[in-house]
Amino acid sequence: MDAITSVVRTATNTVATELTTETLLRLAGREIGAIHVRGYYPPDIAAQVAEKAIAHQALGHYHKQYTSSVGRIYTPHIDTKWDPELTKQYHNAAIPAIRDIRSMFHPYLAPVDRLRLELQELWPAGANLMRLRGRACFVGAIRVFQPDRSEFYPHNDAIDQETDAPEIEGILNQLVANIYLQMPDEGGVLRLWLREPTPGETGIILAVEGLEPETIEPPAVEIRPDTGDLIIFSPRMLHAVTLCRGKHRVGAAAFIAAKGPREPLVFWS
Ligand SMILES: O=C(O)CCC(=O)C(=O)O
Ligand SMILES: [Fe+2]
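About the cut-offs
- Residues numbered from 1 in each chain as written.
- Chains lettered and ligands numbered in written order.
- Predicted model: local features only at pLDDT ≥ 70, side-chain atom pairs only at ≥ 80, totals over all residues.
- Helix = DSSP H or I, 4+ residues; strand = E, 2+ residues; numbered from the N terminus.
- Rg over C-alpha atoms; globule rule 2.2 N^0.38 Å.
- Buried ≥ 20, exposed ≤ 12 C-beta atoms within 10 Å, placed from the backbone.
- Contact = placed C-beta atoms within 7 Å.
- Expected span 1.5 Å × (residues − 1).
- Arc of directions from axis to C-beta.
- Bend = angle between axes of the 7 residues up to and from the residue.
- Near = placed C-beta within 6 Å.
- Nonpolar A, V, L, I, M, F, W, Y, C, P; charged D, E, K, R; others polar.
- Pairing = 2+ DSSP bridges.
- Axes fitted to C-alpha atoms, helices over the stretch in contact; angles between N-to-C directions.

The helix and strand inventory of the protein stands at six helices and 18 strands. For 269 residues, the compact-globule estimate of 2.2 N^0.38 gives 18 Å, and the protein sits close to it at 17 Å. Projected onto its principal axes, the C-alpha positions of the protein cover 50 × 40 × 40 Å. Residue burial in the protein is summarised as follows: out of 269 residues, 43% are buried. Nonlocal contacts in the protein, meaning residues at least 24 apart in sequence, comprise 80% of its contacts between residues at least 6 apart.

Structure representation (structure tokens):
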């Protein structure tokens, strides 16, 4: 890898519509920009869980300036903030939190559980839950964007900015899967720039978790998901969610690390 491509990496704007071994390999290899599977999860079950999510007792908020209006159920890894005590609490809560999220969908299969099984079957070396320093991670966070308040400014997500655990060595790409449980009638559009941030942009994102939208070029791809859709893309590249109007935007999310086809994918939130 030469110096330029290691600084700003890009992908094509092709969006695949099926989840297969081939589309996954191409996405992880940055040959395509996203996988968008329509109708991945039944909208009627999704709607019931979205109601429960908005009222959930473990609904908290992200800690950075620009993301604090977005709610999430259970603490995601990013909010461990390199703090040993918060990291310990995150791992101790991981399995009970996974089980609680699963119970919200009972008696149906939760969408992130379904995705975990399908990627285990499709990826050449299977797929597992992430462990960091041998401790299990949480996966399946549900994000709640508040109407007329919440948006994600252009940002990226990279696990190597959150931990130096030995298990992250060899990660070639990070993916994120979102399954949309409720979508507002207007807004809540996913924007993808299909390039990594520059070092200057990375500094701003690390401080406030987002770039002022007017400071960068228009996105390469915009997708407005419907309730029940699955979208997978590389969050190492810049992405944003526009303001939603009228209704909460609720989604179940999982990060996925890829170390190449000969290593299992690993999941966390
Ligand atoms: O909710 C979405 O569409 C994507 C949110 C996001 O920033 C992510 O999943 O990393
Ligand atoms: Fe993100």
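Let us look at unusual backbone geometry. Histidine 106 connects to proline 107 through a cis peptide bond whose omega is 10°. By the element assignment, proline 107 lies in the loop between helix H4 (84-105) and helix H5 (111-122). One non-glycine residue, arginine 133, lies in the positive phi region at around 50°. You can see arginine 133 is positioned in the loop between strand E6 (131-132) and strand E7 (135-136). Positioned with a positive phi, glutamate 209 is a non-glycine residue whose angle comes to about 65°. Along the chain, the position of glutamate 209 falls in the loop between helix H6 (199-208) and strand E13 (221-223).

Attention now goes to the environment of glutamate 196. Of note, glutamate 196 is situated in the loop between strand E12 (190-192) and H6. Classification of glutamate 196 by C-beta neighbours within 10 Å gives buried; the count is 22. On a C-alpha basis, the gap between glutamate 196 and leucine 238 in space is 5.8 Å, while along the polypeptide they are 42 residues apart.

Let us now look at helix H3 (residues 43-54). With 12 residues, H3 should cover 16 Å at 1.5 Å per step; its first-to-last C-alpha distance of 16 Å lies within 8% of that length. Inspection of H3 places Ala46, Val49, Ala50 and Ala53 among the buried residues, and these make up the whole buried set. Take H3 and look down its axis: the buried residues cluster within an arc of 110°, on one side only. For H3, the secondary structure elements touched by its buried residues are strand E4 (70-73), H4, strand E8 (142-145), strand E10 (173-182) and strand E17 (249-258).

Relative to the 32 Å expected for 22 residues at 1.5 Å per residue, H4 spans 32 Å between its end C-alpha atoms, a close match to the ideal helical length. Alanine 94 marks where H4 bends most, by close to 45°; the proline proline 96 follows one to four residues later. For H4, the complete set of buried residues consists of Tyr90, Ala94, Ala97, Ile98, Ile101 and Phe105. Tucked into the core, H4 has its buried residues touching H3, E4, E7 and E8.

We now examine the site of ligand 1. If you check the shell around ligand 1, you find Arg143, Phe152, Asp157, Val176, Asn178, Leu190, Pro235, His239, Val241, Gly251 and Ala253 and nothing else. Those elements that provide at least two residues to the shell around ligand 1 are E10, strand E15 (239-241) and E17. Split into classes, the residues belonging to the shell around ligand 1 amount to six nonpolar, three polar and two charged.

The next thing to look at is the sheet that holds strand E9 (residues 152-155). Across the sheet, which stays open at both edges, the four strands sit in the order E9-E15-E12-E13 with antiparallel pairing between neighbours. Where the open sheet ends on each side, the last strands, each with one partner, are E9 and E13. Between one strand and the next, the sheet's axes are offset by a mean angle of 15°, whatever the strand orientation.

As a further point, take the environment of serine 150. Structurally, serine 150 is set in the loop between E8 and E9. C-alpha separation for the pair serine 150 and serine 69, spaced 81 residues apart in sequence, amounts to 5.2 Å. Those residues within four positions of serine 150 in sequence are excluded, and the remaining contacts are Ser69, Val70, Phe145 and Cys244.

Every second residue of E8 is oriented toward a common face, with Ile142 and Val144 on one face and Arg143 and Phe145 on the other, all of them buried. Where E4 meets E8, four bridges bridge the pair, whose relative direction is antiparallel. By the bridge assignment for E8, arginine 72 is matched with arginine 143. In this structure, E8 lies alongside E17, joined through four bridges in antiparallel fashion.

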